[in-house]
Amino acid sequence: MKPLTSRFARLLPGVLPSLLLALSAISAHAQTPAAAVPLPALQALAAQEQPALLKTLQQLVEIESGSSDRQGLDRIAAVVSQRLKDLGGEVTLLEPGADLYRMFDTPEKVGPMVLARFKGCQGRGKVLLIAHMDTVYPRGMLAQQPFRIEGQRAYGLGIADDKQGVATILHVLAMLKATGWKDCGEITVLINGDEEISSPASRHRITQLGGEHDAVLSFEGGGGPEGPDILRLATSGIGAATLSVKGRASHAGAAPERGVNALYELSHQVLQARDLSDPKVGRQVHWTVSRSGVVRNMIPPTAEASADVRVERVEDFDLIEAELRKRIQNRLLPESEVSLSFERRRPPLHATPASRALGATLTTLAAEQGLALVVRDVPTGGGTDAAFAAAATRAPVVEGLGVRGFGAHSNQAEFVQLDSIAPKLVLVARALMALGAKP
Ligand SMILES: [Zn+2]
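For clarity, every value in this text was computed on a predicted model and none was experimentally measured.

(A) Highlighting the domain arrangement of the protein. Looking at the assigned domains, one finds that the protein contains domain 1 (35-235 + 349-436) and domain 2 (237-346). One C-alpha centre belongs to domain 1, the other to domain 2, and the line joining them spans 37 Å. Here domain 1 packs against domain 2, burying approximately 1000 Å² in sum over the two surfaces, 40% of which is carbon and sulfur. At the boundary of domain 1 with domain 2, the tally comes to three salt bridges. Across the contact surface, domain 1 and domain 2 share nine residue pairs in polar contact (both at pLDDT 80 or more). Among the residues forming the side of domain 1 that touches domain 2, the class breakdown is six nonpolar, eight polar and four charged.

Given below as structure tokens:
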């Protein structure tokens, strides 16, 4: 990217009249901290920024970066790093460390994180911006679904989840740089490459960074194609329980009595662990996947079943795990062996007084540009990295600052809504101005 000063100079002919007009009105807005740069000037800048953002999206979508594709992740991390450097950030590429939390689907090589710190501001508020550059799609799928724009939609794999988040951050920073705004303490950006596999490498770093900032904005998609824009203050905690049974193989026809039927034992275990949900407190345990046996005429020597676990209270992870460990002691076939692995894949994110207050500020800022922002404070089953950011801080953490779109994790027609881009850029720019001015 060219230095932003020259880009801003190119924008000036279009922007200058509205900028001057807006500057003359600045005193009228002076009581709100977000009026550091007037709204009409920001709107003009955002409209100019949109084509550049779409180019960025194309560039990011055209790099396949599935969570297990370390080569692809290295390529996209290099692009994101360079862009953040060009914007003036001190950029570090962070490799997965010894604190990696390994889960059943954690790949051998987990992707890196891009950390950028923007200093040299004169304000006080420190803000952390997070998004992820990995996708759920394995290499090779891009060819069937290349980047394309049709009407009000830009299509591409991973474009909504979450390449738009990365692009939104890059272009909000470009807009702010173009205005010369300095009224912030520090802006930190973390782009991780392992969100879709529950952030085995980045979870601790995100929690640590969350604790070092006065506010955290997370850039997963901000609502569906038809609107409204949605801000999330709460997300579900997600866990996975896996029961493994070891039995003994034997000929199913000639010597069944010499076998220990792992499928019988697993069935017993699943049935006696089918009542652990409590919807009143948002606790859900559902057995969803099972596997057993080798061939029809062999008593199955092994069997395995997994449950999807959702919680609204982090202590429910402990409760569920303890209850399962107790119950597996009760076996149908004493000669079988039953073991449990229990993964805490994501903690829940709760609405707090601080996040409600930030939600209210964002709603007000959105309303000033005619945007209806809906704040959701109860989880709807999904989980995100925002919860890791909130795990060790009382600072506000909000999710959904990305643009609106549809089709995440589907193999067709993932898209972002074009008319959502400029308003979101403006909203985030104004949020940063408000947050930067005060801790
Ligand atoms: Zn995502």
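(B) Broad picture of the coordination of the zinc ion. For the zinc ion, every protein donor is listed as His132 (NE2), Asp161 (OD), Glu220 (OE) and Glu220 (OE), and the spread of their distances is 1.9 to 2.4 Å. Spacing between the donor residues of the zinc ion along the chain follows H-x28-D-x58-E. With His132 in strand β3 (residues 126-132) and Asp161 in helix α5 (residues 159-179), this residue pair connects regions lying 29 residues apart in the sequence. We note that His132, like Asp161, is buried.

(C) Region of the structure containing the sheet that holds strand β18 (residues 415-417). In spatial order, the strands read β4-β5-β18-β17; together these four strands make up an open sheet with antiparallel pairing. The strands lining the two open edges of the sheet, one partner per strand, are β4 (148-150) and β17 (405-406). Pairing geometry for β4 and strand β5 (residues 153-155), over three bridges, is antiparallel. Residue Ile149 lies in a different strand from β5, and its bridge partner there is Ala154.

(D) View of the side chain of Glu220. Here Glu220 is to be found in the loop between β7 (215-218) and β8 (229-232). Within the structure, the side chain of Glu220 is placed 3.1 Å from the side chain of His132, a separation counted as a polar contact.

(E) Representation of the packing of helix α3 (residues 39-61) against α5 in the model. It is at 9 Å that the axes of α3 and α5 come closest, and there the two elements cross at 140°. Here α3 lies oblique to α5, going by the angle between them. In this structure, α3 meets α5 at a crossing whose hand is right-handed. Residues Leu42, Leu45, Ala46, Glu49, Ala52, Leu53, Thr56, Leu57, Leu60 and Val61 of α3 form the contact with α5, whose participating residues are Ile159, Lys163, Gln164, Val166, Ala167, Thr168, Leu170, His171, Ala174, Met175, Ala178 and Thr179. Of the residues belonging to the contact of α3 with α5, the class tally is 15 nonpolar, five polar and two charged.

(F) Representation of the pattern of salt bridges within the structure. Here the structure, examined in full by the defined rule, presents 29 salt bridges. One salt bridge in this structure joins Glu186 and Arg117, with 3.4 Å as the shortest N-O distance. Here Glu186, found in strand β6 (residues 186-192), pairs with Arg117, found in strand β2 (residues 113-118); they are 69 residues apart in sequence, far enough to count as distant. Assigned by exposure class, Glu186 and Arg117 land together as buried. Residues joined by salt bridges that share partners form a network here, namely Asp229, Arg404, Asp419 and Lys424.

(G) View of the environment of Val260. Looking at the element boundaries, Val260 is found in the loop between β10 (250-251) and α7 (262-271). Relative accessible area serves as the criterion here: at 4%, Val260 is assigned to the buried category. When the C-alpha positions of Val260 and Gly247 are compared, they lie 4.6 Å apart, and in sequence the two are 13 residues distant. Filtering out sequence-adjacent residues up to four positions away, Val260 remains in contact with Gly247, Arg248, Ile299, Pro300, Leu333, Glu335 and Ser336.

(H) A look at the nonpolar core. Core analysis: the largest hydrophobic core is formed by 73 residues, its most contacted members being Leu129, Val189, Leu217 and Leu432. If you look at the next biggest cluster of nonpolar residues, it comprises 21 residues, including Leu276, Ala303, Ala307 and Val309.

(I) Local environment of unusual backbone geometry. In this structure, the amide linkage connecting Asp161 to the following residue, Asp162, adopts the cis form with an omega of 10°. By secondary structure assignment, the location of Asp162 is in helix α5. In the segment running from Gly227 into Pro228, the intervening peptide bond is cis, with an omega of 0°. Inspection of the secondary structure assignment puts Pro228 in the loop between β7 and β8. Even without being glycine, Ser198 reaches a positive phi, approximately 70°. A positive phi angle, near 55°, is found at Ser199, a position not held by glycine.

(J) Focus on the sheet that holds strand β13 (residues 302-311). Sheet architecture is open: four strands sit in the order β11-β13-β9-β14, paired in antiparallel fashion. Across the chains shown, the open sheet's two edge strands, defined by having one partner strand only, are β11 (284-292) and β14 (337-346). Here the average twist between neighbouring strands, direction ignored, is 15°. Where strand β9 (residues 237-246) lies against β13, 10 bridges are found, and the strand directions are antiparallel. Within the sheet, the bridge partner assigned to Leu243 lies in β13 and is Ala305. Along the sheet, helix α8 (residues 315-327) makes contact with β9, β11, β13 and β14, crossing β14 at roughly 175°.

(K) Geometry of the pairing of β9. Summarising burial for β9: eight of the 10 residues are buried, a large majority. As judged from the nine bridges shared by β9 and β14, these two strands associate in the antiparallel manner. Bridge pairing in β14 links Lys246 to Glu337.

(L) Structural context of the packing of aromatic side chains. Under the criterion given, the structure shown has three aromatic pairs. Ring centres of Tyr155 and Phe415 lie 5.4 Å apart, and the angle between their planes is 55°; on these two criteria the pair is classed as tilted. With Tyr155 in strand β5 and Phe415 in strand β18, this pair connects stretches of sequence that are 260 residues apart. Aromatic side chains Phe317 and Phe342 sit 6.3 Å apart centroid to centroid with 70° between the ring planes, which places their arrangement in the edge-to-face category. Taken together, the residues Phe317 in helix α8 and Phe342 in strand β14 connect sequence positions 25 residues apart. Of the residues examined, Phe342 reaches a relative accessible area of 9% and is grouped as buried. One aromatic cluster in this structure is built from Tyr155, Phe406 and Phe415.

Conventions and cut-offs
- Residues numbered from 1 in each chain as written.
- Predicted model: local features only at pLDDT ≥ 70, side-chain atom pairs only at ≥ 80, totals over all residues.
- Heavy atoms only, no water.
- Domains from an automatic or database assignment.
- Buried area = accessible area lost by both parts, 1.4 Å probe.
- Salt bridge = Lys/Arg side-chain N within 4 Å of Asp/Glu carboxyl O.
- Polar contact = N/O pair within 3.5 Å; in protein donor to acceptor, adjacent residues only side chain to side chain.
- Nonpolar A, V, L, I, M, F, W, Y, C, P; charged D, E, K, R; others polar.
- Donors = N, O, S within 2.8 Å, 3.2 Å for Na, K, Ca; no water.
- Helix = DSSP H or I, 4+ residues; strand = E, 2+ residues; numbered from the N terminus.
- Buried < 20%, exposed > 50% of the residue type's maximum accessible area, 1.4 Å probe, protein only.
- Pairing = 2+ DSSP bridges.
- Axes fitted to C-alpha atoms, helices over the stretch in contact; angles between N-to-C directions.
- Parallel < 35°, antiparallel > 145°, perpendicular 65-115°, else oblique.
- Left-handed = near helix turned anticlockwise from the far one by under 90°.
- Contact = heavy atoms within 4.5 Å.
- Core = buried A, V, L, I, M, F, W, Y, C linked by side-chain atoms within 4.5 Å.
- Phe/Tyr/Trp six-rings, centres within 6.5 Å; stacked < 30°, edge-to-face > 60°.

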